[in-house]
Amino acid sequence: MVGIARPRTLRDVALICLGAAAMHFLTAFMGPFTADHSSSIIVKTQVSSEYVPDADQPKVFAAPAQHDVHNHVHLDVPPAPAPPPARDSRQQSAQELIRPPVDVPAAVDTSYTIPETTVLSHAPGWTVFRNIYMSNGTMYIVTSRPSSFPDISLITSTGLPAENTPENIAARMPTSEDMAFITPEEARDLWGGDLDRLEKNRIWTVPGNTFIINEPAQFLGHYYHFAAEWLFGAWAFWQGAWKAVVEPADAAKTSAPPVHRAIFANSGAHGWRDGPGFNSYIFRSAFPALTVEVQEDWDDRIIATSSPTALHRAWHFDTVLFSDRSASFRGPICGSQTQRIAAEATEHMRKAGNLTELWWEPIRRGVLRFAGVDEKTQDVGVKASALVAARKNIPVGDAEGSRATSGLHDKDIVITYISRQASRRHLLEPDHTALVKALEDMVKKHGWELNVVQAEKLSKEQQLSIAARTTVMLGVHGNGLTHLIMMPVTPVSTVIEIFYPTGFAHDYHWTTHALGMRHFAIWNDTYHTYPNEPQVNYPEGFQGTEIPVYPPTVVKVIEDRIAGLHPL
C-alpha cells in the first residue's frame, strides 16, 4: 500500500530536528566506544526553506536534485549540501584573493516581479534597453510612462528590405505588432503567475548583453555595410552608452561590459556573411566568445511564445542594443546628410562627450591579433600620435620636420594601392600602369614603402597585415577600401578614393573622417577634401571600366599630406 503524501508542518520539522539532536548527543558519548559503524542509522534532517502553508499545493518542497543510491529515501526533501572545505588558517596574499567576476551582469529575477523597461541611451536606429520583452514576435516595452520613450519609428521597423518607393517606405513603418508599450499591470495580466498560489511569472530571462539587429540581409551581406557601417556604429554606441574608457597604454581593452550574443532577427545564417568571408572573420575574432543567433533562431523564440492553446509567455532580455537600419534613415544625420546608419550612433555619442579617442581600437586590435599582427605594429598609430603631440613645436622643414608632422620614420610610411583592374569599376589600363610607375618613383625618392594589392590574390591575414601598417590607402571606389578600418590612425593617415569625374559617394569618405583620418576624392587631375567636398552623385561611367586618373595629382596629394600641408 502506498501512503498518501501530505505536506510537512512546522511540528514535523521540529520533531525531526529534535530527534537529530538527540542522536547527535548520544553519538558524542557512544562513538568513542564503538569501532564498527556499519550498522549506524542515517537520518536525513534537512528540510526545504520554502515552507508553503497551502495544503492544496501538489508539491510543497522542491524535488531532490540528485539521488544517493546507497541511501535512497523517498522524501520530497532536497539532499544535504556538501560540507564547506576546511578553512586555510594562512593569510592569503593579494594575488590569492578570489574576486567576483566584473564582466557578468547582475541577474534580474523575473520569477515574481516584472521589471519596467528603461533606456540607457538612444539615437535614431540605435537604442540600449534594460529589461525589454519579446512575445509572439512583438517587442514589449513595459512602462508606466510611455511618453518618456522615443517614438517607435525611431527605434524599429517591420524589418523589410528597403526600396526607395513611397509604398515600401510606408511598409517599413512599425506598428504595435512590431513594438508595443504596455503597463506593468498589463504585463502581469499577460505573463504573471497566480500570486495566491505562488506561481512564477511565465517569463524566461535571456541574461547578459545582447545585440538585436533588426535588418534584413540586403546590406548585411556586404563587407562595408556590415563591418564599417553596422559593426562600426554598434561598437560606437555600445562604448558611448557606458562612457567606456580605452587607455593608450593598453588600447586592446575597454571598460565597456562584454557582449554575450548577437541576434540577426531578419537574416539567416548566410545572410549576414559576405562572399570573401570577412564579416564572420572580423566578428568572430573581435568577439571570440560571442553566441550568434539568426532568423531561424529568432523564429524559434517567436513560435515558442505564440501557442494559441497555452497561456501567454515572454522572453525577457536583460540588456539589449537594438539597431534598425530603416529607423536610422529616419534620423536627421543619416537620412539627409550621410546615408550612413553608423553616423547617427557616432555623432550622438561624440556630441555627448562619451566617445574616447581610441574607442575603435579594441575591435581593431582584436582582429589584428587574431590575424597574427604583432603588438608593435598594432601600436603604430598610438605611438605616432603621442610623438607628434610631444614635438609639435618643431617647425616643418627642419631635420626632424617630416617626422614631427607624421610621427613616423620614412621607412614606416606605407603607401597601399588597392588595384581593381581585375574587377568591374576600374581605371583605364594606361592610367593604372602610369599610376603604379609614379608611386614607385615617389616611394623610392622618400624611402617609403609601396604595396600594390590585388586583394583576391591574398589571404585574409595578408590583407589585414598590410592594412595594419598602411599610412595612405588609395584606390578606385570599391569594397577593398573597407580595410581602412584596420589602418593605424596617425596624424597623417589618409584615404584617397578615385572616382569617375563628378562622381562621389559617402561610404569610405564618412568612415575615414569618423576614425579621425583625412579623405581625398580624386577626379582625374583634381582633388576634393574637407571642407570643399562634392555632393553625392552617380554619373554614367561611375560603375565602368574607363575611370581616368592623372598620377601627378595623386603623388602631390600624398607628398603634401605627409609633409603636413593638409592637417585635419
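Nothing here was measured: the structure is a model prediction, and the numbers come from that model. (Residues numbered from 1 in each chain as written. Predicted model: local features only at pLDDT ≥ 70, side-chain atom pairs only at ≥ 80, totals over all residues. Heavy atoms only, no water.)

1. Brief notes about the packing of helix α5 (residues 223–241) against helix α17 (residues 507–514)
As a reminder of what qualifies: Here the axes come from fitting lines to C-alpha atoms, over the contacting stretch only for helices, and the angles between their N-to-C directions go from 0 to 180 degrees. Think of it this way: any DSSP run of H or I at least four residues long counts as a helix, any run of E at least two long counts as a strand, and we number them from the N terminus. Roughly parallel refers to an angle under 35 degrees, roughly antiparallel to one over 145, roughly perpendicular to one between 65 and 115, and oblique to any angle outside these ranges. Less than a right angle of anticlockwise turn of the near helix away from the far helix marks a crossing as left-handed, whereas a clockwise turn marks it as right-handed. Working rule for contacts: check all heavy atoms of both residues, and any pair within 4.5 Å makes them a contact. Polar here means any residue other than Ala, Val, Leu, Ile, Met, Phe, Trp, Tyr, Cys and Pro, which are nonpolar, and Asp, Glu, Lys and Arg, which are charged; Gly is therefore polar.
Remark: α5 packs on α17, axes separated minimally by 11 Å, with the N-to-C direction vectors making an angle of 40 degrees. Looking at the two axes, α5 sits oblique to α17. In this structure, α5 crosses over α17, and the sense of that crossing is left-handed. Judged by residue contacts, Y224, H225, A228 and F232 of α5 engage D507, Y508, W510, T511 and A514 from α17. Across the contact of α5 with α17, the residue classes break down as six nonpolar, two polar and one charged.

2. Describing the environment of A187
For clarity, the cut-off: When a residue's accessible area, from a 1.4 Å probe over protein chains only, is under 20% of the maximum for its type it is buried; when over 50% it is exposed; and in between it is partly exposed.
Examined against the element boundaries, A187 turns out to sit in helix α3 (residues 184–191). Relative accessible area serves as the criterion here: at 0%, A187 is assigned to the buried category. The sequence separation of A187 and Y140 amounts to 47 residues, and the corresponding C-alpha distance is 9.0 Å. Those residues in contact with A187, other than ones at most four positions away along the chain, are I114, V142, I182 and G192.

3. Observations concerning the packing of aromatic side chains
The description of an aromatic ring pair rests on the distance of the ring centres and on the angle between the ring planes. The line we're drawing: Here is the rule: rings of Phe, Tyr and Trp (six-membered ring for Trp) pair when centre to centre is within 6.5 Å. Planes less than 30 degrees apart are stacked, more than 60 are edge-to-face, and the remainder are tilted. Definition used: whenever NZ (Lys) or CZ (Arg) falls within 6 Å of the ring centre and also within 35 degrees of the ring normal, the charge is taken to sit over that ring.
Evaluated as defined, the whole model comprises 29 aromatic pairs. Between F226 and W230, the ring centres sit 5.5 Å apart and the planes meet at 40 degrees, which makes this aromatic pair tilted. Taken as a pair, F226 and W230 lie in helix α5 at a separation of four residues, close to a single helical turn. By relative accessible area, F226 is classed as buried at 0%. Looking at W230, the relative accessible area reads 1%, which means it is buried. Considering the side-chain rings of W359 and W360, the 5.7 Å spacing of their centres and the 65 degrees angle between planes classify their relative orientation as edge-to-face. When sorted by exposure, W359 lands in the same class as W360, which is buried. Among the aromatic residues, those joined into a ring-pair cluster are F211, F226, W230, W235, W238, W242, F264, W272, F283 and F287. Between the NZ or CZ atom of R301 and the centre of the ring of W315, over which it lies, the distance is 4.8 Å.

4. Description of helix α15 (residues 429–446)
Helical geometry: 3.6 residues make up each α-helical turn, so side chains three or four residues apart lie on a common side. Let me state the cut-off plainly: The span one expects for a helix is its residue count, reduced by one, times 1.5 Å. The arc in question is formed by the directions pointing from the helix axis toward the C-beta atoms.
Here α15 spans 26 Å end to end across 18 residues, near enough to the 26 Å set by a 1.5 Å rise per residue. Every buried residue belonging to α15 is among D431, H432, L435, V436, A438, L439, M442 and V443, and all of these are buried. Along α15, the residues classed as buried sweep out an arc of 165 degrees about the axis, all on the same side. Opposite the buried face of α15, at more than 90 degrees from it, the exposed residues are P430, K444 and K445. Looking one or two places after α15, you find G447, whose phi comes out positive at around 80 degrees.

5. Regarding the confidence of the model for the protein
Short version of the rule: Scored from 0 to 100, pLDDT reflects the predictor's confidence in each residue.
Chain-level statistics for the protein give a pLDDT mean of 84 and a share of 79% at 70 or above. Segment residues 1–8: pLDDT under 50, and seven contacts once partners within four positions in sequence are set aside and those in other chains are kept. Predicted confidence is poor over residues 24–104, with pLDDT under 50, and the contacts of this stretch with residues over four places away or in other chains come to 44 contacts.

6. Brief notes about a negative patch on the surface
Basically, it comes down to this: Patch membership requires more than 30% relative accessible area and the absence of a salt bridge. Residues of like charge join within 9 Å; the nonpolar side chains Val, Leu, Ile, Met, Phe, Trp and Tyr join within 5 Å. Using a 1.4 Å probe, accessible areas were evaluated by the Shrake-Rupley method; residue-level cover was limited to the displayed protein chains. Salt-bridge detection follows one rule: a side-chain nitrogen of Lys or Arg within 4 Å of a carboxyl oxygen of Asp or Glu. Positive charge is attributed to Lys and Arg, negative charge to Asp and Glu, and no charge count is given to His or to the chain ends. Charge positions come from single atoms, namely NZ of Lys, CZ of Arg, CG of Asp or CD of Glu.
A cluster of like negative charges, contributed by E116, E185, E186 and D189, occupies part of the molecular surface. By the element assignment, E185 lies in helix α3. Given a relative accessible area of 55%, E185 falls into the exposed group.

7. So, the nonpolar core
To be explicit about the condition: In these notes, a set of buried Ala, Val, Leu, Ile, Met, Phe, Trp, Tyr and Cys residues joined through side-chain atoms within 4.5 Å is what counts as a nonpolar core.
Core analysis: the biggest nonpolar cluster contains 67 residues, and F211, W230, F264, F283, F287, W360 and L484 have the highest contact counts within it. Broken down by element, this core gets its largest block of residues, 14 residues, from α5. Filtering out sequence-adjacent residues up to four positions away, L484 remains in contact with M473, V495, Y508, T511, T512, L515 and M517. Counting residues in each nonpolar core, the second largest holds 28 residues, with L408, L435, I498 and V557 among its members.

8. Some words on the pattern of salt bridges
With the rule as written, the count across this model stands at 18 salt bridges. Salt-bridge contacts for E449 lead to R469; the nearest nitrogen and oxygen are separated by 2.9 Å. Highlighted residues: E449 in strand β10 (residues 449–453) and R469 in the loop between α16 (460–467) and β11 (472–476), separated in sequence by 20 residues. A relative accessible area of 23% means that E449 is categorised as partly exposed. What makes R469 partly exposed here is its relative accessible area of 27%.

9. Brief notes about helix α11 (residues 361–370)
α11 sits mainly inside the fold: seven of its ten residues count as buried. For α11, every residue scored as buried is listed here: E361, P362, I363, R364, R365, V367 and L368. Tucked inside the fold, the buried residues of α11 contact α5, α6 (278–286), α12 (375–378), α13 (380–390) and α16.

10. Some points on the side chain of T138
Selection criterion: We define a polar contact as two N or O atoms separated by no more than 3.5 Å, with the added condition that, inside protein, one atom must be a possible hydrogen donor and the other a possible acceptor, whereas residues neighbouring each other in sequence contribute only through side-chain atom pairs.
For T138, the position within the fold is in strand β3 (residues 138–142). For T138, a relative accessible area of 8% puts it in the buried group. A polar atom in the side chain of T138 sits 2.7 Å from the backbone oxygen of E177. Non-local contacts of T138, meaning those with residues more than four positions away in its chain, are made with Y133, S176, E177, D178, M179 and A180.

11. So, the side chain of D178
Mapped onto the secondary structure, D178 falls in the loop between α2 (166–171) and β4 (179–182). Here D178 sits buried without a salt bridge, and the closest side chain of opposite charge, R330, lies 8.6 Å off (N-O distance). At 2.9 Å, the side chain of D178 and the backbone nitrogen of T175 are in polar contact. The residues touching D178, leaving out its near neighbours within four places in the chain, are G137, T138, M139, S157, T158 and M173.

12. As for the environment of V536
Within the secondary structure layout, V536 lies in the loop between β14 (526–529) and α18 (551–562). Taking the C-alpha atoms as reference, V536 lies 9.9 Å from Q337; in sequence the two are 199 residues apart.

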